[in-house]
Amino acid sequence: MRHYEIALIVHPDQSNQVDVMMDKYKEDIESSGGKVHRQEDWGRKHLAYPIKKIYKAHYLLMNIECDQDTLDKLNYNFRFNDAILRNLIVSRKKAITEESIMMINKDKD
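To start, this report covers the structure provided alongside it. (Residues numbered from 1 in each chain as written. Predicted model: local features only at pLDDT ≥ 70, side-chain atom pairs only at ≥ 80, totals over all residues. Heavy atoms only, no water.)

For the coordinates displayed, the defined rule picks out 3 aromatic pairs. Ring geometry for Tyr76 and Phe80: centres 4.8 Å apart, planes at 55 degrees, overall tilted. In this pair, the class of Tyr76 matches that of Phe80, namely exposed. (Phe/Tyr/Trp six-rings, centres within 6.5 Å; stacked < 30°, edge-to-face > 60°. Buried < 20%, exposed > 50% of the residue type's maximum accessible area, 1.4 Å probe, protein only.)

Okay, structure coming up:
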C-alpha cells in the first residue's frame, strides 16, 4: 500500500456536514484494509481567489495509506460530491503523523 496526502476544500454551506463526510471517507479507507494516519480540520479560511463566486471555504487534510482501488474510489467520490469545491491528492514516501503547520499555528492563537 502507498501513502497519500489529501487536501479538500468544502463549500462553506456544508461545513456542518464535514464530520459526517470525513467519517464516511475514513470508513471507506479502513474497510479496504487502509489506514488513516492524520486527519485535520483547518476550519473556514478565505480562498486565494473566488471559486463559483464563493470567497470562503472549509479546509480538510488527511494522510492515508491505501491501495489504488480505494484511492480511485475516493477520487470518484470527490469528483461527484457537489460539496467539495477542490481536491488534491499527493503521493508521499512515508506516513506523516505529526501535526501540520496550520494546526500548530492554530493552537498558538
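One pass over the structure, following the stated rule, counts 3 salt bridges. Asp28 is the salt-bridge partner of Lys24, the closest N and O atoms lying 3.3 Å from each other. Of the two residues, Lys24 and Asp28 both sit in helix H1 (residues 18-31), 4 residues apart, roughly one turn of that helix. A relative accessible area of 43% means that Lys24 is categorised as partly exposed. (Salt bridge = Lys/Arg side-chain N within 4 Å of Asp/Glu carboxyl O. Helix = DSSP H or I, 4+ residues; strand = E, 2+ residues; numbered from the N terminus.)

What follows concerns unusual backbone geometry. Of note, Lys52 is a non-glycine position whose phi angle comes to about 55 degrees, a positive value. One can find Lys52 in the loop between strand E2 (35-51) and strand E3 (54-66).

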